[in-house]
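# Residue-level structural notes
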Amino acid sequence: MARTMTGAEMVIAALCDQGVEHIFGYPGGAVLPIYDELFQQEKVKHVLVRQEGGAVHAAEGYARSTGKVGAVLVTSGPGATNAVTGLTDALMDSVPVVCICGQVPTHLIGNDAFQECDTVGITRPCTKHNWLVKDVNDLARVLHEAFYIAKAGRPGPVVVDVPKDIQFATGNYVGPSNIAHKTYKPRMKPEQTAVREAVDLLINAKQPLFYTGGGVINSGPKASQLLREIVRLTGYPITSTLMGLGAFPASDKQWLGMLGMHGTYEANFAMHDCDVMVAVGARFDDRITGRIDAFSPGSQKIHIDIDPSSINKNVRVDVPIVGDVAYTLEDMLRIWKSKTPQLDKAAHKAWWKQIDQWRAKKSLAYKNSRDVIMPQYAVERLYELTKDRDPYITTEVGQHQMWAAQYFRFEEPNRWMTSGGLGTMGYGLPAAIGAQMAHPKSLVIDIAGDASILMNMQEASTAVQFELPVKVFIVNNQYMGMVRQWQQLLHGNRLSHSYTESLPDFVKLAEAYGWTGMKCENPAELDDAIREMIDTKGPVIFDCRVATLANCLPMIPSGKAHNEMLLGDDVTEEEVEHAISEEGKVLV
Amino acid sequence: MVNTFTKSDPKSHYVGPGAVQEVVSRTLSVLVDNEPGVLARVIGLFSGRGYNIDSLTVTETEHEKHLSRITIITRGTPNVIEQIKHQLERLVPVHHVHDLTLEGRSLERELALIKISGRGENRIEALRLAEIFRANVIDASTEHFVFEITGRTSKIEQFIQIMTELGLVEVARTGIAAIGRGPSSL
């Protein structure tokens, strides 16, 4: 049923029809007609951010904590270019985001008009798809298509660029039904022969390992459930990437912890020595594989991914399975159960015994101190004191992010929001705002670094305006810690510009924004201070002063294999400085 | 949907440093919706991911459906070619990607317009050779010819090389159009 309305009205109608309750945005000249329509309705709640980059990260936090599509509204020119980092972030981490941009009127496009930029040109490589709408009668269809593309298959960000004259023009609105996409039809159900082959490999495995990633989370809560079921049914060990944390409960005895550059000893050694690996919605990123030609050299590899281009990209696999994680695990479970398999119990016992020996290394152990708060201790205490409240955790990027991944333990999916692929400093605060918007009653904490938090500090003001009680827990070591650590590793400890000499007084900064500011530098006072933070009603900045020069370990130095890890407890400063070879130095 | 992954044999593993793959040339036919920006998406994919384009031809081939056919000649190891195909298939307006080289010997043709300038003996020789190569004269004066030549790239390369000695001043080429042999279509 077609209805006649203006382009601006269509935007609101399409958002409503797509079930959007919140949209993160910032007004400007080229989106005024849409903002005028927003003003005259109450279904879609607009969250005014303080910079467009914050809008996209907030939408990402919203999307990842709910499984829904995040919606963004920005103006032309600088509005769109500010959104680019967030869009790239969402592309790298497969987060569904629809970003609607205003554009100068069609007759001015190409004239270098005020606040004009080639939005579709700029965002082409950092979106899954984008559109410039030049006819108001296309607008509704494009908007519905945009939501479909954002969430179908491997999710990602899309941009719809709407010139101002199109927002004013009148045309026919069509609803979201019957919008079948003619080309983009991702394969959901896997090829059965491949699934059978995979199950056979798993049944006959002696040293099996599940290696799971963000794809499990993106596939939905059912995928996490099925993953738990298959892992428990098989009795096999499981590790996960940074993005996949929470899909499998960290308290389970089959859980080996995160793998990769800052993964646990047991996860990385199991990855190196396994004979059958099942990669589930993970993409063999360089942070995971380390030296690629020494990555899990003896294993047969099964790779389940909805995106065919992820398969065989970095690592060749033996059994490629293109399909949705939930569908595929469901099939695997069915086939496994139908076989009543005879497993090699003796081999599995030996494999677990080996894993227990690796576990006994206690790779996450660190030397605690009575005088100064160790950053690992800070995260550990934060976890212990908040775990019963089912918190949502976001992070910025750097050492604190890795410590959070190592020491905060996740039991459920969609609780962990971090910038994995792009590594965007400044992600955590706006993402926490997005997550808090979606879960107003929940405890939402941004585990932050002192440098990262300043990158989108302005969003503190958004939290106040929308009464969002987010907690920002700054693991403050006064350095760009990860940069400093790499300078120590690679550049003779010459700490070029990685020390922030004039950090603000975070307590006063918090108060200036209308937040509560807290500071703690004594390990003995930490628990009480964290409790006070949790009990404080509104938003809190917690300036947790930690040891300044702690390194984030364990670590696989660049250019090294999984079984060449640097461990935390026995490593000397000199070993750290000589850990990376000449070839490794050019890697990132 | 056919499984488009090439299998490593013997079973497993990554391609290690000991197993360096040979670089091959492939002709890809990409059927796309002829919408604004579609060529930029395809080209951007190649430049953004560091793939090679040796030749690229594009035009709308089915007007009523607004379908364009992009013929790309690319180079890379078999792994890279596989990635290129999957990356292209991931683009929203792409209908199909066909590896014409892999699917059987394809017919490949290119058209070139070649301008020869000069007088005297070289001019006559150029005309004589053009006849041998079955190039047509499509413009002429007492001081120049413009030849039109169609054929495989190697033939055109050869013709251009000979003409270089006979007063060649300008070349325009279309790039390669390719189609599979036999009665079936893409």
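These notes cover the structure that comes with them. (Residues numbered from 1 in each chain as written. Chains lettered and ligands numbered in written order. Predicted model: local features only at pLDDT ≥ 70, side-chain atom pairs only at ≥ 80, totals over all residues. Heavy atoms only, no water.)

### Quick word on the overall build of chain B
- The number of helices and strands found in chain B is four helices and eight strands.
- Listed by position from the N terminus, the elements making up chain B come as β-α-β-β-α-β-β-α-β-β-α-β.
- For chain B, the C-alpha radius of gyration of 20 Å lies well beyond 16 Å, the compact-globule estimate for 186 residues.
- Oriented by its inertia axes, the alpha-carbon framework of chain B measures out at about 65 × 50 × 35 Å.
- In chain B, buried positions account for 38% of the 186 residues.
- Here the contacts in chain B between residues at least 6 apart in sequence split such that 72% fall between residues at least 24 apart.
- In chain B, 21 side chains carry a positive charge and 23 a negative one; their mean positions are 4 Å apart. (Helix = DSSP H or I, 4+ residues; strand = E, 2+ residues; numbered from the N terminus. Rg over C-alpha atoms; globule rule 2.2 N^0.38 Å. Buried < 20%, exposed > 50% of the residue type's maximum accessible area, 1.4 Å probe, protein only. Contact = heavy atoms within 4.5 Å. Lys, Arg positive; Asp, Glu negative; His and termini not counted. Charge placed at Lys NZ, Arg CZ, Asp CG, Glu CD.)

### Some details on the interface of chain B and chain A
- Taken together, the contact between chain B and chain A spans 28 residues of the former and 32 residues of the latter.
- Together chain B and chain A conceal approximately 2,700 Å² of surface at their shared face, both sides included; 50% is due to carbon and sulfur atoms.
- Joining chain B to chain A, the criterion identifies three salt bridges.
- For Glu 82 of chain B, the salt bridge goes to Arg 316 of chain A, with nearest N and O atoms at 3.8 Å.
- Our enumeration of links across chain B and chain A arrives at seven residue pairs in polar contact (both at pLDDT 80 or more).
- Elements represented by at least two residues in the side of chain B that touches chain A include exactly α1 (38-48), α2 (78-90) and β4 (94-99) of chain B.
- The biggest single contributor to the side of chain B that touches chain A is α2 of chain B, with six residues. (Buried area = accessible area lost by both parts, 1.4 Å probe. Salt bridge = Lys/Arg side-chain N within 4 Å of Asp/Glu carboxyl O. Polar contact = N/O pair within 3.5 Å; in protein donor to acceptor, adjacent residues only side chain to side chain.)

### What about helix α4 (residues 153-164) of chain B?
Residue and element names in this part refer to chain B.
- Look at α4: 16 Å from first C-alpha to last across twelve residues, which is about the 16 Å you get at 1.5 Å a residue.
- For α4, the full list of buried residues reads Ile 156, Phe 159, Ile 160 and Met 163. Projection of α4 onto a plane perpendicular to its axis shows the buried side chains occupying an angular sector of 100°, all on one side.
- Buried positions along α4 lie against β5 (106-117), α3 (121-132), β7 (144-151) and β8 (168-180). (Expected span 1.5 Å × (residues − 1). Arc of directions from axis to C-beta.)

### Digging into the sheet that holds strand β7 (residues 157-163) of chain A
Residue and element names in this part refer to chain A.
- Spatially, the six strands line up as an open sheet ordered β3-β2-β4-β5-β7-β6, and their pairing is parallel. At either margin of the open sheet sits one strand with a lone partner, and together these are β3 (45-48) and β6 (129-132). Along the sheet, successive strands turn relative to each other by an average axial angle of 20°, direction set aside.
- As paired elements, β6 and β7 share four bridges and run parallel to each other. The residue of β7 that forms the bridge with Trp 131 is Val 160. (Pairing = 2+ DSSP bridges. Axes fitted to C-alpha atoms, helices over the stretch in contact; angles between N-to-C directions.)

### Here's the deal with the packing of α1 of chain B against α2 of chain B
Residue and element names in this part refer to chain B.
- Across the interface, α1 lies against α2 with an axial gap of 11 Å and an inter-helix angle of 145°. Judged by the twist between their axes, the crossing of α1 over α2 is right-handed. Between α1, through Val 42, Leu 45 and Phe 46, and α2, the contact on the second element is made entirely by Ile 84, Gln 87 and Leu 88.
- Classifying every residue of the contact of α1 with α2 by side-chain character gives five nonpolar, one polar and no charged. (Left-handed = near helix turned anticlockwise from the far one by under 90°. Nonpolar A, V, L, I, M, F, W, Y, C, P; charged D, E, K, R; others polar.)

### Points about the sheet that holds strand β13 (residues 300-305) of chain A
All names here are of chain A.
- On the basis of which strands lie adjacent, the open sheet formed by six strands has the order β11-β10-β9-β12-β13-β14 and parallel pairing. Looking at which strands have only one partner, the edges of the open sheet turn out to be β11 (255-258) and β14 (319-322). Between one strand axis and the next, the sheet turns through 15° on average, direction left out of account.
- One ladder, built from four bridges, connects β13 with β14; its direction is parallel. Residue pairing across strands places Asp 305 opposite Val 322, the latter belonging to β14.
- Set on the sheet, helix α14 (residues 345-359) makes contact with β9 (208-212) and β11; between it and β11 the angle comes to about 45°.

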